[in-house]
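These are the residues of each chain, in order.
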Amino acid sequence: MRVISILNDPKPSLSFEVFPPKKETALESVERAVKTIAQIKPAYMSVTYGAGGGTSKYTLDIAKSIKEKYGVETVEHLTCVSSTKEMVRRQIENIKASGVENILALRGDIPADMLDCDRNGWAYNHATELIAELKEANPDFCIGAACYPEIHPESRNSKEDIRFLKAKVEAGCEFLTTQMFFDNTLLYRFLYKLREAGVNVPVVAGIMPITKANQVERAVKLSGCHVPQRFISLVDRFGSDEASMKQAGIAYATDQIIDLFANGVSNVHVYSMNKPDVAQKIYSNLSDILGKSYE
């Protein structure tokens, strides 16, 4: 199934992200987490893919397994930064052969040792190039892309950022998934700007449940997201106690999602970090809402 059919349904949907192991020794524990999350029966699950294929050895196998073994639709991530055309085209052929229909096309994070490199010789500089190549390889792929409610770190301003997003849509992107954010007001402003610019594809809100105090610094470093005072106070009060911080972080994420649903953002994707207990708790908190349609 192409996930665009899920995203176009006005009924609230909740999906989860998982990531493959870096080492084969961790594969069994990842598979257990994937199975438990899949048993929740989310709208779909996405499987990440490291820049240049760095952590991607098991991505396609996991995505295929989720669909075939557990009956949950999947979205496979595919990045292109620091990859050759040959590498990417080989992976596209593998995806086509697997039966996976949905791809989140990303440039990917630039490896630290390549930040200051001359990029003129790179096969891919932007996700737009990857999207166009995917669409050419298989017009039936359902292709998504990433967006930043608080502006991509490399964009000069929001107008430039939205111009790039519009180019992704024109290249064949059918939906957008946001990077994490902790202040819903920022997303609502972003959505208004997108619609004003004529970008009308579904936007999936990406929510990161922060269950440990030390995750905050990493989250800010990765996405440059704003952390509101309400969340800072939560971390200050409960961060020193693991159980309390976990409960508070799940409650904060749940509250964000309820507010999003209430304000017409129907599709939410949870960056669950291979933590089935977190995924289960959030889903449980929302079970009655997810079981109903609010057309």
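Just above, that's the structure.
From a predicted model like this one, the values you see are computed outputs, not experimental measurements.

1. So, helix H3 (residues 59-70)
Thinking step 1. A rise of 1.5 Å per residue sets the reference length of H3, with its 12 residues, at 16 Å; its end C-alpha atoms lie 16 Å apart and thus fit the reference within 8%.
Thinking step 2. Among the residues of H3, those classed as buried are Thr59, Leu60, Ile62, Ala63, Ile66 and Tyr70.
Thinking step 3. Those residues of H3 hidden inside the fold are in contact with strand E1 (13-18), helix H2 (27-38), strand E2 (45-47), strand E3 (74-79) and helix H4 (85-98).
Thinking step 4. Just beyond H3, the residue with positive phi is Gly71, at close to 70 degrees.

2. Quick notes on the packing of aromatic side chains
Thinking step 1. Under the defined criterion, the tally for this structure stands at two aromatic pairs.
Thinking step 2. An angle of 20 degrees between the planes, with centres 5.2 Å apart, marks the rings of Phe182 and Phe231 as stacked. Placement of Phe182 in the loop between strand E6 (175-178) and helix H7 (184-196) and of Phe231 in helix H9 (residues 229-238) is noted, with a sequence separation of 49 residues between them. Residues Phe182 and Phe231 agree in their burial class; the two are buried.
Thinking step 3. Ring geometry for Phe231 versus Tyr252: centroids 4.7 Å apart, planes at 65 degrees, classification edge-to-face. Within this pair, whereas Phe231 is found in helix H9, its partner Tyr252 is found in helix H10 (residues 242-262), the two being separated by 21 residues in sequence.

3. With respect to the pattern of salt bridges
Thinking step 1. Applying the stated criterion to the full structure yields 11 salt bridges.
Thinking step 2. Between Arg32 and Glu28 there is a salt bridge; the shortest N-O distance is 3.3 Å. Pair noted here: Arg32 and Glu28 are both in helix H2, with a separation of four residues, about one helical turn.
Thinking step 3. Between Glu86 and Arg90 there is a salt bridge; the shortest N-O distance is 3.6 Å. Placement of both Glu86 and Arg90 in helix H4 is noted, with a separation of four residues, approximately one turn of the helix.
Thinking step 4. The exposure class assigned to Glu86 is exposed, which follows from its relative accessible area of 58%.
Thinking step 5. Salt bridges here are not isolated pairs; linked through shared partners, they connect Arg2, Lys135 and Glu174.

4. Details of the sheet that holds E1
Thinking step 1. Taken together, eight strands build a closed barrel; the order of strands is E1-E2-E3-E4-E5-E6-E7-E8 and the barrel is parallel. The sheet shows a mean angle of 30 degrees between the axes of neighbouring strands, taken without regard to direction.
Thinking step 2. Two strands pair when backbone bridges link them, and E3 and strand E4 (residues 102-106) are joined in this way by four bridges, in the parallel orientation. The partner of Glu76 across the bridge, within E4, is Ile103.
Thinking step 3. Its contacts with the sheet put H3 on E1, E2 and E3, and the angle it makes with E3 is roughly 165 degrees.
Thinking step 4. Seen against the sheet, helix H5 (residues 127-137) touches E3, E4 and strand E5 (142-147) and runs at an angle of roughly 150 degrees to E4.

5. Things to note about the packing of H4 against H5
Packed helix pairs are specified by the crossing angle of their axes together with the interaxial distance, meaning the distance between the axes.
Thinking step 1. With their axes 11 Å apart at the nearest point, H4 and H5 run at an angle of 45 degrees to one another. Considering their axes alone, H4 and H5 lie oblique with respect to each other. Crossing of H4 against H5: the hand is right-handed. On the side of H4, the interface is formed by Lys85, Val88, Arg89, Ile92 and Lys96, while H5 contributes Leu130, Glu133, Leu134 and Ala137.
Thinking step 2. A breakdown of the residues in the contact of H4 with H5 according to their chemical character gives five nonpolar, no polar and four charged.

6. Regarding unusual backbone geometry
With the exception of glycine, the majority of residues adopt a negative phi angle, and the majority of peptide bonds are in the trans configuration.
Thinking step 1. One non-glycine residue, Lys41, lies in the positive phi region at around 65 degrees.
Thinking step 2. When you line up the elements, Lys41 lands in the loop between H2 and E2.
Thinking step 3. Taking relative accessible area as the criterion, Lys41 reaches 47% and is therefore assigned partly exposed.
Thinking step 4. One non-glycine residue, Met273, lies in the positive phi region at around 55 degrees.
Thinking step 5. Of the residues examined, Met273 reaches a relative accessible area of 33% and is grouped as partly exposed.

7. Brief notes about the side chain of Ser46
Thinking step 1. Following the sequence through the fold, Ser46 ends up in strand E2.
Thinking step 2. For Ser46, a relative accessible area of 2% gives the class buried.
Thinking step 3. Once residues lying within four places of it in the same chain are set aside, the contact partners of Ser46 are Phe16, Glu17, Val18, Val75, His77 and His269.

So, how was this worked out
Residues numbered from 1 in each chain as written. Predicted model: local features only at pLDDT ≥ 70, side-chain atom pairs only at ≥ 80, totals over all residues. Heavy atoms only, no water. Helix = DSSP H or I, 4+ residues; strand = E, 2+ residues; numbered from the N terminus. Expected span 1.5 Å × (residues − 1). Buried < 20%, exposed > 50% of the residue type's maximum accessible area, 1.4 Å probe, protein only. Contact = heavy atoms within 4.5 Å. Phe/Tyr/Trp six-rings, centres within 6.5 Å; stacked < 30°, edge-to-face > 60°. Salt bridge = Lys/Arg side-chain N within 4 Å of Asp/Glu carboxyl O. Pairing = 2+ DSSP bridges. Axes fitted to C-alpha atoms, helices over the stretch in contact; angles between N-to-C directions. Parallel < 35°, antiparallel > 145°, perpendicular 65-115°, else oblique. Left-handed = near helix turned anticlockwise from the far one by under 90°. Nonpolar A, V, L, I, M, F, W, Y, C, P; charged D, E, K, R; others polar.

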